Amino acid sequence: MATASANGRKTIFITGAASGIGLGAARRFAREGWFVGLADIDKTGLKSALAAIGPGNGLILDLDVRDRGHWTRAITAFGKATGGRMDVLLNNAGIARYGFLEEQSPEEGDLQIDINVKGVINGARAGLDLLKATPGSTLINVASCAGLFGAPRMAIYAATKFAVRGLSEALEAEFARFGVAVRCIMPWFVDTPILNAGSQGSNQKITDAIREGGSAVYTVEEAAQVVWDAAHGKGGKLNYIVGKAGRDIAFAARFMPGSVRKRLRVAPTSS
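An account of the accompanying structure is given in this report. Throughout, a residue's number is its position along its own chain's written sequence, starting from 1. It should be noted that, the model being predicted, local features are given only for residues of pLDDT at least 70 and side-chain atom pairs only at 80 or more, the latter also being counted only at that level, while totals for whole chains, interfaces and linings use all residues. Excluding hydrogens and water, the side-chain figures rest on all heavy atoms present in the structure.

**What about a nonpolar patch on the surface?**
Only residues whose relative accessible area exceeds 30% and that form no salt bridge enter a patch; like-charged residues are grouped when within 9 Å of one another, and nonpolar side chains (Val, Leu, Ile, Met, Phe, Trp, Tyr) when within 5 Å. Per-residue and other accessible areas follow the Shrake-Rupley method at a 1.4 Å probe size, with only the shown protein chains counted as cover for residues. Here, a salt bridge means any Lys or Arg side-chain nitrogen found within 4 Å of an Asp or Glu carboxyl oxygen. A surface patch of nonpolar side chains, about 330 Å² in accessible area, is lined by Phe251, Phe255 and Met256. One can find Phe251 in helix α8 (residues 244-255). Judged by its relative accessible area of 49%, Phe251 is partly exposed. The secondary structure listing takes helices from DSSP runs of H or I that are at least 4 residues long and strands from runs of E that are at least 2 residues long, numbered from the N terminus. When accessible area is computed with a 1.4 Å probe and restricted to protein chains, residues below 20% of their type maximum are described as buried, those above 50% as exposed, and intermediate ones as partly exposed.

**Re the pairing of strand β2 (residues 35-40)**
β2 sits mainly inside the fold: 6 of its 6 residues count as buried. Side chains Phe35, Gly37 and Ala39 of β2 all project onto a buried face; the interleaved residues Val36, Leu38 and Asp40 project onto the opposite face, where all are buried too. When DSSP finds at least two bridges between two strands, those strands are taken to pair. Where strand β1 (residues 11-15) meets β2, 5 bridges bridge the pair, whose relative direction is parallel. Residue pairing across strands places Thr11 opposite Phe35, the latter belonging to β2. In terms of strand pairing, β2 meets strand β3 (residues 58-62) through 5 bridges, oriented parallel.

**What about the environment of Leu63?**
Examined against the element boundaries, Leu63 turns out to sit in the loop between β3 and α3 (68-82). Throughout, a contact is declared for two residues whenever any of their heavy atoms are within 4.5 Å. Apart from the residues within four sequence positions on either side, Leu63 is in contact with Phe13, Thr15, Ala39, Asp40, Ile41, His70, Trp71 and Ala74.

**What about the pattern of salt bridges?**
On inspection of all chains with the given rule, the structure shows 6 salt bridges. Its salt-bridge partner being Arg66, residue Asp64 comes within 2.8 Å of it at the nearest N-O pair. The class for Asp64 is buried, based on a relative accessible area of 15%. Exposure remark for Arg66: the relative accessible area of 39% places this residue in the partly exposed category.

**Overview of the packing of aromatic side chains**
Between rings of Phe, Tyr and Trp, where Trp is taken as its six-membered ring, a pair exists when centres lie within 6.5 Å; planes separated by under 30 degrees are stacked, by over 60 edge-to-face, and by other angles tilted. Here the structure, examined in full by the defined rule, presents 9 aromatic pairs. For the ring pair Phe175 and Phe178, a centre distance of 6.2 Å and an interplane angle of 55° mean the geometry is tilted. By relative accessible area, Phe175 is classed as buried at 6%. Of the residues examined, Phe178 reaches a relative accessible area of 27% and is grouped as partly exposed. Judged by centre distance (4.8 Å) and plane angle (45°), the ring pair of Phe251 and Phe255 falls under tilted. Here Phe251 pairs with Phe255, and both are found in helix α8, just 4 residues apart, close to one helical turn.

**Digging into the packing of helix α1 (residues 20-31) against helix α2 (residues 43-53)**
Convention adopted: a line fitted to C-alpha atoms gives each axis, helices being fitted over their contacting stretch, and angles between N-to-C directions are expressed from 0 to 180 degrees. In contact at an axis separation of 9 Å, α1 and α2 are set at 25° when each is read in the N-to-C sense. Judged by the inter-axis angle, α1 sits roughly parallel to α2. Read as a crossing pair, α1 and α2 show a hand that is right-handed. For the pair α1 and α2, contact is made by Leu23, Ala26, Arg27 and Ala30 and by Ala49, Ala52 and Ile53, respectively. Per-class residue counts for the contact of α1 with α2 are 6 nonpolar, no polar and 1 charged. Throughout, the term roughly parallel applies to angles under 35 degrees, roughly antiparallel to angles over 145, roughly perpendicular to angles from 65 to 115, and oblique to all others. Crossing chirality is assigned from the near helix's rotation relative to the far helix, an anticlockwise turn below a right angle marking it left-handed and a clockwise turn marking it right-handed. In this classification, Asp, Glu, Lys and Arg are treated as charged, Ala, Val, Leu, Ile, Met, Phe, Trp, Tyr, Cys and Pro as nonpolar, and every other residue, Gly included, as polar.

**A closer look at the sheet that holds strand β6 (residues 181-187)**
Ordered in space as β3-β2-β1-β4-β5-β6-β7, the 7 strands form an open sheet in which the pairing is parallel. A strand with exactly one partner marks an edge of an open sheet, and here the two such strands are β3 and β7 (239-242). Direction aside, the axes of adjacent strands within the sheet are offset by 20° on average. Pairing analysis gives 3 bridges linking β1 to strand β4 (residues 88-91), with the strands arranged parallel. In the strand pairing of β4, Ile12 is matched with Val88.

**Describing the nonpolar core**
Among the buried residues, those of types Ala, Val, Leu, Ile, Met, Phe, Trp, Tyr and Cys that are joined through side-chain atoms within 4.5 Å form a nonpolar core. With 50 residues, the main nonpolar core has Phe29, Val36, Leu38 and Ile185 as its most contacted residues. Here this core gets 7 residues from one element, more than from any other, and that element is helix α7 (residues 220-231). In this structure Val36 touches Ile12, Ile14, Ala26, Phe29, Ala30, Ile53, Asn57, Gly58, Leu59 and Phe78, once residues within four positions along its chain are discounted. Among the nonpolar cores identified, the runner-up in size contains 29 residues, and Ala6, Trp71, Ala74 and Phe175 belong to it.

**Re the packing of α1 against α7**
Contact geometry for α1 and α7: axes closest at 8 Å, N-to-C directions at 60°. Judged on the interaxial angle alone, α7 and α1 are oblique. Seen from above, α1 lies across α7 with right-handed handedness. In this structure, α1 contributes Gly20, Ile21, Gly24, Ala25, Arg28 and Phe29 to the contact, and α7 contributes Val220, Ala223, Ala224, Gln225, Val227, Trp228 and Ala231. Broken down by class, the residue content of the contact of α1 with α7 amounts to 9 nonpolar, 3 polar and 1 charged.

Read these as layout, nothing more, since geometry by itself doesn't imply function.
Dropping the structure here:
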């Protein structure tokens, strides 16, 4: 574990920081002079992430978001390095499995729920004391545009992201009494390892759906910029969508839900 300290800088604790949006956000905030807590289960990836942002700009935190004991140790170490300061907690860690419900094993379903929902709840609980102790702090939960509509072959994933969206809305109301802001990030497809997600019972992956549908894919830098905007309350919103395609589907899901549902239905297979 690295021994760097914040030395009075603003601080952010990021889960899933070894790759994808987490790493993109780590780079963005470190570039702006913030001290970054890099938390992940991927120890090798964390070493590379720390090298990418500069060893003096953060510390490595071994964290399985499903494990409350891990959370306690990681938050304690982060608080020690930052003098008890946490300006932002970015609950970013998440996984996906792609395939029809019957193709996904119960274990694959449980894993998505445990990481995507329970992991976020664990983080909100574990980080609250440091957030409360830091004036102007923000809890940011990463959901997905899958939390706006239930897409086929992503039923459980969508359910977890609907849950994160609802949790964020409730916590925004609850944490206001502590002066802690809450924001929810909802990315459209972003170029991260999660796009390679499949399931044990299917040969298809999310990337296959993207190719078939010709959907836009956004960069981690674009997602990191949205996280930065959310951390600074730009627009005074609760929900921040990454990508024009996401904003378009959010509009359609709100004002033309029947049309969206019709487009999503999977055609019957011939027998």
